[in-house]
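Given next are the chains, with one letter for each unit.
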Amino acid sequence: MIISAEPSWTFWLAVRSAFGIARDHFAAFFTVALVLNIPLTLVQLFRFGQAMDFIVAILCSIGLAICFSYGSIQAMNGARPNAIAMLRQFRRREIGKLLTLGLAQAIAIVIGLIALVLPGLFVLARWMVAVPAMMAEGTDITASLKRSSDLTLGRRWRVLGVWLFCSFSVFATYIVLLIPILDALGIGIGSTAFIAIGAVTGSLVSMITYSVPPVLYLLLRREKEAATPESIAAAIG
């Protein structure tokens, strides 16, 4: 999916772009999401406890953010990213910094959500595009967070709205449609079948959720700096 050449962007353009690239590259995106959700699924199946679930979920989330930043930006430039190329992002020379950045983001957001919810959402919006910024621009951790803050300035409510809409619309569909079916089949919450099905549906949600930050990064850079998809895709590798 190639983004329109118009510099300004709207809420619905961002939403359509995130859903569009997930649809157009379903096989690659779903494969990557499913592979990176396997560790969490195993931890849940073997019941290591909530603390381990939480730690593994954060690590899986960081991995998804890295792989989908690459895949989504390549897709927005008209390329067809494959699952292997997306998973190879773990071999990037800055992988250590990316993992540390993702961990810092996760900790700050979780603390903010636990505190009063709104601070966590503010941090989420402010640092939404830090991972794709580091990958495309080679910035360090502090500079990546500042870069994200600068790019989202004046657009944070829209940025947050796009992420919330994309994430919760897919999740709500899952709750409304799938839970009653599982209940009718007698598949209880916490059962092996429930966890396995959850891995598949969670991967579908991840395809959309983790496509949003790179979409927003490209749209914000195009709006504020007249950057092109070609230049960003070339920079991210």
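Report follows, based on the coordinates.

Calculation criteria
Residues numbered from 1 in each chain as written. Predicted model: local features only at pLDDT ≥ 70, side-chain atom pairs only at ≥ 80, totals over all residues. Heavy atoms only, no water. Helix = DSSP H or I, 4+ residues; strand = E, 2+ residues; numbered from the N terminus. Rg over C-alpha atoms; globule rule 2.2 N^0.38 Å. Buried < 20%, exposed > 50% of the residue type's maximum accessible area, 1.4 Å probe, protein only. Axes fitted to C-alpha atoms, helices over the stretch in contact; angles between N-to-C directions. Parallel < 35°, antiparallel > 145°, perpendicular 65-115°, else oblique. Left-handed = near helix turned anticlockwise from the far one by under 90°. Contact = heavy atoms within 4.5 Å. Nonpolar A, V, L, I, M, F, W, Y, C, P; charged D, E, K, R; others polar. Expected span 1.5 Å × (residues − 1). Bend = angle between axes of the 7 residues up to and from the residue. Salt bridge = Lys/Arg side-chain N within 4 Å of Asp/Glu carboxyl O. Core = buried A, V, L, I, M, F, W, Y, C linked by side-chain atoms within 4.5 Å. Lys, Arg positive; Asp, Glu negative; His and termini not counted.

**Here's the deal with the overall build of the protein chain**
Looking only at helices and strands, one finds 12 helices and zero strands in the protein chain. What you see in the protein chain, going N to C, is helices and strands ordered as α-α-α-α-α-α-α-α-α-α-α-α. Against the globule reference of 18 Å for 237 residues, the protein chain gives a C-alpha radius of gyration of 17 Å, in line with a compact fold. In terms of its C-alpha atoms, the protein chain occupies a principal-axis envelope of roughly 55 × 35 × 35 Å. Burial status across the protein chain gives 49% buried among its 237 residues.

**Things to note about the packing of helix 5 (residues 95-116) against helix 7 (residues 130-137)**
At a minimum axis separation of 10 Å, helix 5 and helix 7 run at an interaxial angle of 160°. In terms of orientation, helix 5 and helix 7 fall into the roughly antiparallel class. Considering only the axes of helix 5 and helix 7, their crossing is right-handed. Counting all contacts with helix 5, which are made through Lys97, Leu98, Leu101 and Gln105, the residues of helix 7 involved are Ala130, Val131, Met134 and Met135. Residue composition of the contact of helix 5 with helix 7, grouped by class: six nonpolar, one polar and one charged.

**Some details on the packing of helix 6 (residues 118-126) against helix 9 (residues 156-184)**
Where helix 6 contacts helix 9, the two axes come as close as 9 Å, and the packing angle between them is 100°. Viewed along their axes, helix 6 and helix 9 adopt a mutual orientation that is roughly perpendicular. Packed against helix 6, whose contacting residues are Leu121, Phe122, Leu124, Ala125 and Arg126, the element helix 9 presents Arg156, Val159, Leu160 and Trp163 at the interface. Split by residue class, the contact of helix 6 with helix 9 holds seven nonpolar, no polar and two charged.

**Structural notes on helix 2 (residues 26-45)**
Between its first and last C-alpha atoms helix 2 spans 26 Å; for 20 residues at 1.5 Å apiece the expected length is 28 Å, and the two agree. In helix 2, a bend of some 40° at Ile38 exceeds every other bend along the element, and Pro39, a proline, comes one to four places later. Among the residues of helix 2, those classed as buried are Ala28, Phe29, Phe30, Val32, Ala33, Leu36, Asn37, Leu40, Thr41 and Val43. At the exit of helix 2 stands Arg47, carrying a positive phi of roughly 50°.

**Some remarks on the pattern of salt bridges**
Here the idea is simple: oppositely charged side chains can pair when their charged atoms come close. Scanning the entire structure with this criterion turns up eight salt bridges. Between Arg155 and Glu223 there is a salt bridge whose closest N-O contact spans 2.7 Å. On the criterion of sequence distance, the pair formed by Arg155 in the loop between helix 8 (141-152) and helix 9 and Glu223 in helix 11 (residues 212-225) is long-range, its members being 68 residues apart. Taking the relative accessible area as the measure of exposure, Glu223 reaches 23% and is therefore partly exposed.

**Quick word on the nonpolar core**
If you look at the biggest cluster of nonpolar residues, it comprises 67 residues, and the most contacted ones within it are Trp9, Phe68, Met86, Val162, Leu216 and Tyr217. Of the residues forming this core, the biggest block, 11 residues, is contributed by helix 3 (residues 50-76). Ignoring anything within four residues of it in the chain, the contact list for Tyr217 reads Ile73, Val129, Pro132, Ala133, Ala136, Glu137, Leu151 and Ile232.

**Details of the environment of Trp163**
Its place among the elements puts Trp163 in helix 9. Placed 53 residues apart in sequence, Trp163 and Leu216 show a C-alpha to C-alpha distance of 9.3 Å. If sequence neighbours within four positions are ignored, Trp163 has contacts with Leu124, Met128, Thr209 and Val212.

**A look at unusual backbone geometry**
Backbone geometry places Arg47, a non-glycine residue, at a positive phi of 50°. Taking the relative accessible area as the measure of exposure, Arg47 reaches 56% and is therefore exposed. Located in the positive-phi region is Ala226, a residue other than glycine, with phi close to 60°. Mapped onto the elements of the fold, Ala226 is located in the loop between helix 11 and helix 12 (229-236). The exposed category is assigned to Ala226, whose relative accessible area is 60%.

**Here's the deal with the side chain of Arg156**
In this structure, Arg156 sits in helix 9. The buried charged residue Arg156 lacks any salt bridge, with Asp150 as its nearest oppositely charged partner at 6.2 Å. Ignoring sequence-local partners within four residues, the contact set of Arg156 consists of Phe122, Ala125, Arg126 and Ser149.

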